[in-house]
Structures are given as C-alpha cells and as structure tokens.
Amino acid sequence: MLREWLLALVLISLASIGASADDAQIARGGYLVGIAGCNDCHTPGYFFGEPDMSRYLGGSDVGFEIPGLGVFVGRNLTPDKETGIGDWTEEQIVAALQTGLRPDGRMLAPIMPWHAFASLTEDDVNAVVAFLRSLPPVDHAVPGPFGPGETVSTFTFRILPPGETAADAP
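Source: prediction; values computed, not measured.

Engineer: A description of the environment of V142 should follow, citing residues and the corresponding values.
Structural biologist: Among the secondary structure elements, V142 is positioned in the loop between α5 (122-134) and β3 (155-158). Considering only alpha carbons, one finds V142 and F72, 70 residues apart in sequence, at a separation of 9.7 Å. With near-sequence residues (within four places) excluded, V142 lies in contact with G58, G59, S60, V73, G74, R75 and N76.

Following this line, the structure appears as structure tokens:
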C-alpha cells in the first residue's frame, strides 16, 4: 500500500512539474506575442484606440493597402476552427511564422513581419504556438484579402509610393 501511495505521489509531482513547464511555455509565448506587437494588427478596435480584448487576436477590422498587391487585414490567430487557425497544425503555424507560407500555399502579406520571426529560437517559436493554442477561440471571419481594384469592406491604411497623393476624404 505504501509503495502504491509513493508511486501516486511521484506521478502527481511529475504531472505538476509538466503543468508548470507548460504554463511557463505559454507565459513565454504570451510575452513574445506582446513584445512583437501581434495585438496591434490582429485585435479588432486596436487601430481605433479601443482594442476589444474580449476578442484578443481574433482578427482586425482595419486593412493595409499595398500598391499593386491589394488590401490585407490581420487574420484571426485564435484556435477557432472555422475562422481562426484552429485547424492548422503546430508545424503549419511555425512555417507561417518563420517562412511566411500558409497551409493553403499562399504567402502571408508583406506587412506581416515573418522575416523577423524567422530568427526566433525553436523554444521561442514553440512558446508562441503554445500561447496561441491556449487562447479562447474567437468566432470572427476576417474579410479579404482584396486584390487591386476590388471593393474593400474595412477601414484601410494606405501605403503610398513617393510622388502619389492621398485620396480625397468622402
């Protein structure tokens, strides 16, 4: 009986060490996501000065226009299976972060700083993945991307080449 009790105590201790490691990894990922500014482009309301933290990283409501390429809106990074990255594998999330390649074969918009994230250590990129997986799913389908000349359904930041003029306000 004492032997079974000691074995159970050891297993419980090991499980709590594993949980602490997972908690530490998630905390590290949250820290990295925070300093990387992911919230800025991926949380609704952020660009209006009122981020909706109940939909944290659930996808923006503002796009970026890049001349000749179109308008890109920060996607839903939560584990929602319909509108977020919930169906992406860990390897697919890492590939998107470090190579810019989405699971569907499309490259991320040039505004996404995946080149910077390519230098994350394996531990750090895995911590970011663990953090994203730990978020509550947000059901928010982000519109776009919109090709050049397509009608845009969101507010949009414009990136103008030198010599261009700002659009007239409506």
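Engineer: Talk me through the sheet that holds strand β1 (residues 62-66); I want residue IDs and the actual numbers.
Structural biologist: With respect to topology, 3 strands assemble into an open sheet ordered β2-β1-β3, the strand pairing being mixed. What marks the edges here is a single partner per strand, and that holds for β2 (70-73) and β3. Averaged over all pairs of adjacent strands, the angle between their axes in this sheet comes to 35°, without regard to strand direction. Bridge count for β1 against β2 is 4 bridges, and the pairing is antiparallel. Each bridged residue has a counterpart across the sheet, and for E65 the counterpart in β2 is V71.

Engineer: Residue-level account of the packing of aromatic side chains, with values.
Structural biologist: Overall, the coordinates contain 6 aromatic pairs when judged by the stated rule. For the ring pair F47 and F157, a centre distance of 4.9 Å and an interplane angle of 85° mean the geometry is edge-to-face. Here F157 lies in strand β3 and F47 lies in the loop between α2 (38-42) and β1, a separation of 110 residues in the sequence. Consider the rings of F48 and F155, whose centres lie 5.0 Å apart with planes at 75°: the pair is edge-to-face. Taken together, the residues span a long stretch of sequence, with F48 in the loop between α2 and β1 and F155 in strand β3 at a distance of 107 residues. On the basis of relative accessibility, which here comes to 44%, the residue F48 falls in the partly exposed class. Of the aromatic side chains, those joined through ring pairs into one cluster are Y46, F47, F64 and F157.

Conventions and cut-offs
Residues numbered from 1 in each chain as written. Predicted model: local features only at pLDDT ≥ 70, side-chain atom pairs only at ≥ 80, totals over all residues. Heavy atoms only, no water. Helix = DSSP H or I, 4+ residues; strand = E, 2+ residues; numbered from the N terminus. Contact = heavy atoms within 4.5 Å. Pairing = 2+ DSSP bridges. Axes fitted to C-alpha atoms, helices over the stretch in contact; angles between N-to-C directions. Phe/Tyr/Trp six-rings, centres within 6.5 Å; stacked < 30°, edge-to-face > 60°. Buried < 20%, exposed > 50% of the residue type's maximum accessible area, 1.4 Å probe, protein only.

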